[in-house]
Amino acid sequence: MKLKNPPVNSLSLEMLTELVINLEKLENDKAVRGLVLTSEYPGIFSAGLDLMEMCGRNPAHYAEYWKALQEFWLKLYQSSLVVVAAINGASPAGGCLMSLICDYRILADNPKYTIGLNETLLGIVAPFWFKDTMVNTIGHRASERALQLGLLFPPAEALQVGLVDQVVPEDKLQSTALSVMAQWLAIPDHARQLTKTMMRKPTVDHLVKQRDADIQNFVSFVSRDSIQKSLQMYLQKLRQKKS
Ligand SMILES: CC/C=C\C/C=C\C/C=C\C/C=C/C(=O)SCCNC(=O)CCNC(=O)[C@H](O)C(C)(C)COP(=O)(O)OP(=O)(O)OC[C@H]1O[C@@H](n2cnc3c(N)ncnc32)[C@H](O)[C@@H]1OP(=O)(O)O
(Lines give C-alpha, C1' and ligand atoms only; values in the text may rest on other atoms or scores of the structure.)
Protein backbone atom coordinates (compact mmCIF):
# COMPACT_ATOMS: atom_id res chain seq x y z
CA MET A 1 0.00 0.00 0.00
CA LYS A 2 1.51 3.30 -1.05
CA LEU A 3 0.71 6.39 0.99
CA LYS A 4 -0.28 9.14 -1.42
CA ASN A 5 -1.45 12.45 0.02
CA PRO A 6 0.68 15.25 -1.45
CA PRO A 7 2.83 17.03 -0.56
CA VAL A 8 3.90 15.27 2.67
CA ASN A 9 1.46 12.37 3.28
CA SER A 10 -0.02 14.12 6.29
CA LEU A 11 -2.75 12.12 7.99
CA SER A 12 -5.78 14.21 7.13
CA LEU A 13 -9.30 13.13 8.05
CA GLU A 14 -9.84 11.98 4.46
CA MET A 15 -6.56 10.06 4.38
CA LEU A 16 -7.31 8.29 7.68
CA THR A 17 -10.78 7.34 6.48
CA GLU A 18 -9.41 5.95 3.22
CA LEU A 19 -6.69 4.03 5.00
CA VAL A 20 -9.28 2.31 7.22
CA ILE A 21 -11.50 1.46 4.24
CA ASN A 22 -8.57 0.04 2.27
CA LEU A 23 -7.33 -1.98 5.22
CA GLU A 24 -10.79 -3.47 5.68
CA LYS A 25 -10.92 -4.39 1.99
CA LEU A 26 -7.54 -6.11 2.16
CA GLU A 27 -8.43 -7.96 5.36
CA ASN A 28 -11.64 -9.23 3.79
CA ASP A 29 -9.76 -10.52 0.75
CA LYS A 30 -8.81 -14.13 1.48
CA ALA A 31 -6.01 -13.98 -1.08
CA VAL A 32 -4.18 -11.29 0.93
CA ARG A 33 -2.04 -12.25 3.95
CA GLY A 34 0.42 -9.40 4.17
CA LEU A 35 0.88 -5.74 3.45
CA VAL A 36 3.94 -3.59 2.84
CA LEU A 37 3.27 0.01 3.79
CA THR A 38 5.43 2.58 2.02
CA SER A 39 5.25 6.08 0.55
CA GLU A 40 4.58 7.09 -3.03
CA TYR A 41 7.02 9.96 -2.46
CA PRO A 42 10.55 8.84 -1.61
CA GLY A 43 11.91 11.35 0.91
CA ILE A 44 8.75 11.57 2.98
CA PHE A 45 7.09 8.57 4.58
CA SER A 46 4.53 10.71 6.43
CA ALA A 47 4.63 14.13 8.12
CA GLY A 48 2.26 12.76 10.75
CA LEU A 49 -1.05 14.23 11.78
CA ASP A 50 -2.35 16.94 9.52
CA LEU A 51 -1.75 20.17 11.38
CA MET A 52 -4.49 21.86 9.36
CA GLU A 53 -7.00 19.48 11.00
CA MET A 54 -5.88 20.72 14.42
CA CYS A 55 -5.74 24.48 13.77
CA GLY A 56 -8.59 26.96 13.71
CA ARG A 57 -11.38 24.36 13.54
CA ASN A 58 -14.34 23.84 15.85
CA PRO A 59 -14.65 21.28 18.69
CA ALA A 60 -16.92 18.99 16.64
CA HIS A 61 -14.26 18.81 13.95
CA TYR A 62 -11.49 18.06 16.45
CA ALA A 63 -13.62 15.26 17.92
CA GLU A 64 -14.35 13.77 14.50
CA TYR A 65 -10.69 13.93 13.55
CA TRP A 66 -9.49 12.31 16.76
CA LYS A 67 -12.05 9.52 16.50
CA ALA A 68 -10.83 8.77 12.97
CA LEU A 69 -7.25 8.62 14.21
CA GLN A 70 -8.20 6.24 17.01
CA GLU A 71 -10.09 4.10 14.48
CA PHE A 72 -7.05 3.92 12.21
CA TRP A 73 -4.72 3.02 15.10
CA LEU A 74 -7.10 0.28 16.33
CA LYS A 75 -7.50 -1.14 12.83
CA LEU A 76 -3.83 -1.28 11.92
CA TYR A 77 -2.53 -2.29 15.35
CA GLN A 78 -4.94 -5.26 15.41
CA SER A 79 -4.68 -6.17 11.74
CA SER A 80 -4.73 -9.88 11.01
CA LEU A 81 -2.31 -9.21 8.14
CA VAL A 82 1.46 -9.16 8.44
CA VAL A 83 2.27 -5.47 8.13
CA VAL A 84 5.79 -4.41 7.18
CA ALA A 85 6.69 -0.70 7.08
CA ALA A 86 9.16 0.12 4.31
CA ILE A 87 10.07 3.60 5.51
CA ASN A 88 11.39 5.54 2.56
CA GLY A 89 11.47 9.02 4.04
CA ALA A 90 11.07 11.26 7.07
CA SER A 91 8.66 9.87 9.62
CA PRO A 92 7.95 12.35 12.43
CA ALA A 93 5.19 12.12 15.06
CA GLY A 94 2.08 10.45 13.60
CA GLY A 95 4.29 9.07 10.80
CA CYS A 96 6.40 7.35 13.44
CA LEU A 97 3.25 6.14 15.21
CA MET A 98 2.02 4.56 11.97
CA SER A 99 5.35 2.70 11.61
CA LEU A 100 5.28 1.58 15.24
CA ILE A 101 1.93 -0.16 14.83
CA CYS A 102 3.24 -2.31 11.97
CA ASP A 103 4.82 -5.69 12.73
CA TYR A 104 8.27 -4.88 11.35
CA ARG A 105 10.04 -1.66 10.37
CA ILE A 106 12.74 -1.24 7.73
CA LEU A 107 14.23 2.23 7.29
CA ALA A 108 16.15 3.39 4.21
CA ASP A 109 19.62 4.57 5.12
CA ASN A 110 19.54 8.31 4.52
CA PRO A 111 20.43 10.83 7.25
CA LYS A 112 17.44 12.97 6.24
CA TYR A 113 15.03 10.14 7.05
CA THR A 114 14.53 10.79 10.73
CA ILE A 115 11.89 9.08 12.82
CA GLY A 116 10.44 9.75 16.26
CA LEU A 117 7.59 11.14 18.32
CA ASN A 118 8.59 14.82 18.31
CA GLU A 119 5.34 16.24 19.74
CA THR A 120 7.04 18.18 22.55
CA LEU A 121 8.92 20.23 19.93
CA LEU A 122 5.52 21.50 18.78
CA GLY A 123 4.51 22.31 22.37
CA ILE A 124 2.05 19.41 22.44
CA VAL A 125 2.00 16.10 24.29
CA ALA A 126 1.99 12.63 22.76
CA PRO A 127 -1.25 10.98 23.98
CA PHE A 128 -0.98 7.93 26.29
CA TRP A 129 -1.62 5.44 23.50
CA PHE A 130 1.18 6.94 21.35
CA LYS A 131 3.39 6.58 24.43
CA ASP A 132 2.20 3.01 25.07
CA THR A 133 2.98 2.05 21.48
CA MET A 134 6.48 3.45 21.80
CA VAL A 135 7.12 1.84 25.19
CA ASN A 136 6.06 -1.54 23.71
CA THR A 137 8.71 -1.09 21.05
CA ILE A 138 11.76 0.48 22.73
CA GLY A 139 11.06 0.18 26.47
CA HIS A 140 10.26 2.66 29.21
CA ARG A 141 13.54 4.51 29.78
CA ALA A 142 14.34 5.05 26.10
CA SER A 143 10.75 6.21 25.51
CA GLU A 144 10.82 8.63 28.41
CA ARG A 145 13.95 10.28 27.06
CA ALA A 146 12.78 10.25 23.44
CA LEU A 147 9.34 11.64 24.31
CA GLN A 148 10.48 14.39 26.66
CA LEU A 149 13.13 15.61 24.25
CA GLY A 150 10.97 15.06 21.16
CA LEU A 151 13.85 13.16 19.57
CA LEU A 152 13.92 12.53 15.84
CA PHE A 153 16.39 9.69 15.28
CA PRO A 154 18.52 9.33 12.16
CA PRO A 155 18.72 5.74 10.83
CA ALA A 156 21.73 4.40 12.79
CA GLU A 157 20.35 5.76 16.08
CA ALA A 158 16.82 4.56 15.31
CA LEU A 159 18.24 1.07 14.82
CA GLN A 160 20.32 1.25 17.97
CA VAL A 161 17.38 2.29 20.15
CA GLY A 162 15.09 -0.32 18.50
CA LEU A 163 12.70 2.10 16.89
CA VAL A 164 13.29 0.26 13.59
CA ASP A 165 14.26 -3.38 13.06
CA GLN A 166 16.56 -2.91 10.09
CA VAL A 167 18.34 -0.14 8.17
CA VAL A 168 19.15 -0.89 4.54
CA PRO A 169 20.47 1.05 1.52
CA GLU A 170 17.67 2.92 -0.17
CA ASP A 171 17.77 0.76 -3.31
CA LYS A 172 17.36 -2.41 -1.23
CA LEU A 173 14.31 -1.26 0.73
CA GLN A 174 11.57 -2.92 -1.32
CA SER A 175 13.43 -6.20 -1.87
CA THR A 176 14.24 -6.41 1.85
CA ALA A 177 10.58 -5.75 2.69
CA LEU A 178 9.56 -8.63 0.42
CA SER A 179 12.04 -11.07 1.93
CA VAL A 180 10.99 -10.08 5.46
CA MET A 181 7.39 -10.60 4.39
CA ALA A 182 8.22 -14.09 3.07
CA GLN A 183 9.80 -14.97 6.42
CA TRP A 184 6.73 -13.81 8.37
CA LEU A 185 4.32 -15.53 5.96
CA ALA A 186 6.11 -18.84 6.53
CA ILE A 187 4.49 -18.91 9.99
CA PRO A 188 0.97 -20.41 10.15
CA ASP A 189 -1.47 -17.47 10.14
CA HIS A 190 -3.65 -18.58 13.05
CA ALA A 191 -0.70 -19.02 15.44
CA ARG A 192 0.91 -15.74 14.45
CA GLN A 193 -2.38 -13.82 14.60
CA LEU A 194 -3.31 -15.16 18.05
CA THR A 195 0.17 -14.30 19.32
CA LYS A 196 -0.12 -10.77 17.92
CA THR A 197 -3.52 -10.34 19.57
CA MET A 198 -2.20 -11.62 22.90
CA MET A 199 0.79 -9.27 22.81
CA ARG A 200 -1.22 -6.19 21.83
CA LYS A 201 -4.45 -6.73 23.79
CA PRO A 202 -3.54 -4.79 26.97
CA THR A 203 -2.54 -1.73 24.93
CA VAL A 204 -5.68 -1.97 22.80
CA ASP A 205 -7.90 -2.40 25.89
CA HIS A 206 -6.28 0.65 27.48
CA LEU A 207 -7.40 2.86 24.59
CA VAL A 208 -10.79 1.18 24.10
CA LYS A 209 -11.69 1.81 27.76
CA GLN A 210 -10.67 5.46 27.54
CA ARG A 211 -11.81 6.27 24.02
CA ASP A 212 -14.43 8.89 24.81
CA ALA A 213 -12.39 10.50 27.58
CA ASP A 214 -9.39 10.60 25.22
CA ILE A 215 -11.46 12.42 22.59
CA GLN A 216 -12.64 14.93 25.18
CA ASN A 217 -9.06 15.45 26.40
CA PHE A 218 -7.83 16.06 22.89
CA VAL A 219 -10.64 18.50 22.11
CA SER A 220 -10.10 20.56 25.23
CA PHE A 221 -6.30 20.44 24.90
CA VAL A 222 -6.17 21.44 21.25
CA SER A 223 -8.84 24.13 21.71
CA ARG A 224 -6.70 26.03 24.23
CA ASP A 225 -5.47 29.39 22.97
CA SER A 226 -1.91 28.57 24.02
CA ILE A 227 -1.91 25.30 22.03
CA GLN A 228 -3.45 26.97 18.99
CA LYS A 229 -0.71 29.61 19.18
CA SER A 230 2.03 26.97 19.41
CA LEU A 231 0.65 25.08 16.42
CA GLN A 232 0.26 28.25 14.34
CA MET A 233 3.83 29.27 15.13
CA TYR A 234 5.09 25.82 14.20
CA LEU A 235 3.23 25.93 10.87
CA GLN A 236 4.65 29.37 10.20
CA LYS A 237 8.15 28.09 10.89
CA LEU A 238 7.62 25.25 8.42
CA ARG A 239 6.49 27.74 5.78
CA GLN A 240 9.35 30.19 6.47
CA LYS A 241 11.87 27.37 6.09
CA LYS A 242 11.42 27.74 2.33
CA SER A 243 12.11 31.50 2.10
C1 LIG B 1 -2.76 15.95 27.77
C2 LIG B 1 -2.75 15.41 26.37
C3 LIG B 1 -4.10 15.25 25.84
C4 LIG B 1 -4.38 15.01 24.59
C5 LIG B 1 -3.38 14.98 23.48
C6 LIG B 1 -3.37 16.25 22.77
C7 LIG B 1 -2.64 16.60 21.78
C8 LIG B 1 -1.72 15.75 21.06
C9 LIG B 1 -2.05 15.92 19.68
C10 LIG B 1 -1.48 15.40 18.65
C11 LIG B 1 -0.27 14.61 18.52
C12 LIG B 1 0.37 15.06 17.24
C13 LIG B 1 0.93 14.27 16.37
C14 LIG B 1 1.44 14.76 15.08
O15 LIG B 1 1.71 13.98 14.21
S16 LIG B 1 1.58 16.45 14.81
C17 LIG B 1 2.44 16.64 13.28
C18 LIG B 1 3.90 16.59 13.53
N19 LIG B 1 4.62 16.63 12.30
C20 LIG B 1 5.74 17.28 12.15
O21 LIG B 1 6.28 17.88 13.05
C22 LIG B 1 6.35 17.29 10.78
C23 LIG B 1 6.31 18.64 10.19
N24 LIG B 1 6.81 18.60 8.82
C25 LIG B 1 8.13 18.50 8.51
O26 LIG B 1 9.00 18.38 9.36
C27 LIG B 1 8.48 18.57 7.07
O28 LIG B 1 7.38 19.09 6.38
C29 LIG B 1 8.87 17.21 6.43
C30 LIG B 1 10.22 16.73 6.99
C31 LIG B 1 7.80 16.13 6.68
C32 LIG B 1 9.00 17.40 4.91
O33 LIG B 1 9.90 18.47 4.65
P34 LIG B 1 9.91 19.18 3.23
O35 LIG B 1 10.99 20.20 3.27
O36 LIG B 1 9.97 18.18 2.14
O37 LIG B 1 8.47 19.85 3.08
P38 LIG B 1 7.95 21.21 3.75
O39 LIG B 1 8.33 22.35 2.86
O40 LIG B 1 8.38 21.30 5.16
O41 LIG B 1 6.38 20.98 3.73
C42 LIG B 1 5.61 21.05 2.53
C43 LIG B 1 4.25 21.62 2.87
O44 LIG B 1 3.59 20.69 3.73
C45 LIG B 1 3.18 21.37 4.94
N46 LIG B 1 3.24 20.41 6.06
C47 LIG B 1 4.32 19.78 6.54
N48 LIG B 1 4.00 18.98 7.55
C49 LIG B 1 2.67 19.10 7.72
C50 LIG B 1 1.73 18.51 8.62
N51 LIG B 1 2.09 17.62 9.57
N52 LIG B 1 0.45 18.87 8.51
C53 LIG B 1 0.04 19.76 7.58
N54 LIG B 1 0.87 20.36 6.69
C55 LIG B 1 2.18 20.02 6.77
C56 LIG B 1 4.18 22.50 5.08
O57 LIG B 1 3.66 23.51 5.89
C58 LIG B 1 4.32 22.92 3.64
O59 LIG B 1 3.17 23.68 3.30
P60 LIG B 1 3.25 24.93 2.31
O61 LIG B 1 4.28 25.88 2.86
O62 LIG B 1 1.88 25.49 2.30
O63 LIG B 1 3.68 24.34 0.98
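It should be noted that the structure appears before, not after, this text.
Residues numbered from 1 in each chain as written. Predicted model: local features only at pLDDT ≥ 70, side-chain atom pairs only at ≥ 80, totals over all residues. Heavy atoms only, no water.

A. Local environment of the overall build of the protein chain. Helices and strands together make up the secondary structure of the protein chain, namely nine helices and eight strands. Against the globule reference of 18 Å for 243 residues, the protein chain gives a C-alpha radius of gyration of 17 Å, in line with a compact fold. Along the three orthogonal principal directions, the C-alpha set of the protein chain runs to about 50 × 40 × 35 Å. Buried positions account for 48% of the 243 residues belonging to the protein chain. Across the protein chain, the fraction of contacts at a sequence separation of at least 24, relative to all contacts at a separation of at least 6, is 77%. Summed over all atoms, the accessible surface of the protein chain reaches about 12100 Å², with 57% contributed by carbon and sulfur. (Helix = DSSP H or I, 4+ residues; strand = E, 2+ residues; numbered from the N terminus. Rg over C-alpha atoms; globule rule 2.2 N^0.38 Å. Buried < 20%, exposed > 50% of the residue type's maximum accessible area, 1.4 Å probe, protein only. Contact = heavy atoms within 4.5 Å. Areas by Shrake-Rupley, 256 points an atom, 1.4 Å probe, with all protein chains shown as cover.)

B. Local environment of the site of the ligand. Among the 27 residues in the neighbourhood of the ligand, the closest are listed as Ala47, Leu49, Tyr234, Lys241 and Lys242. One of the backbone nitrogen or oxygen atoms of alanine 47 is found 2.8 Å away from a nitrogen atom of the ligand. Glycine 94 places a main-chain nitrogen or oxygen 2.9 Å from an oxygen atom of the ligand. Relative to its unbound accessible surface of 1200 Å², the ligand loses 77% to contact with the protein. (Near = heavy atom within 4 Å. Polar contact = N/O pair within 3.5 Å; in protein donor to acceptor, adjacent residues only side chain to side chain.)

C. Layout of the side chain of serine 79. Residue placement: serine 79 occurs in the loop between helix H2 (59-77) and strand S4 (82-87). A polar atom in the side chain of serine 79 sits 2.5 Å from the side chain of glutamate 27. Discounting chain neighbours no more than four positions away, the residues touching serine 79 are Glu27 and Lys196.

D. Broad picture of the pattern of salt bridges. A complete count under the given rule lists eleven salt bridges for this structure. For lysine 131, the salt bridge goes to aspartate 132, with nearest N and O atoms at 2.8 Å. In this structure lysine 131 comes out as partly exposed when scored by relative accessible area, which is 32%. Residue classification places aspartate 132 among the buried residues on the basis of a relative accessible area of 11%. The salt bridge involving lysine 201 is made with aspartate 205; its shortest N-O contact spans 2.7 Å. Placement of the pair is lysine 201 and aspartate 205 together in helix H8 (residues 189-223), with a separation of four residues, close to one helical turn. Given the relative accessible area of 45%, lysine 201 is considered partly exposed. Accessibility expressed as a relative area gives 27% for aspartate 205, which makes it partly exposed. (Salt bridge = Lys/Arg side-chain N within 4 Å of Asp/Glu carboxyl O.)

E. Representation of unusual backbone geometry within the structure. Cis rather than trans, the peptide bond between proline 6 and proline 7 has omega equal to 5 degrees. Position of proline 7 among the secondary structure elements: in the loop between strand S1 (2-3) and helix H1 (13-28). Backbone geometry at asparagine 9 places phi at a positive 55 degrees, although glycine is not the residue there. Relative to the elements of secondary structure, asparagine 9 occurs in the loop between S1 and H1. By relative accessible area, asparagine 9 is classed as buried at 0%.

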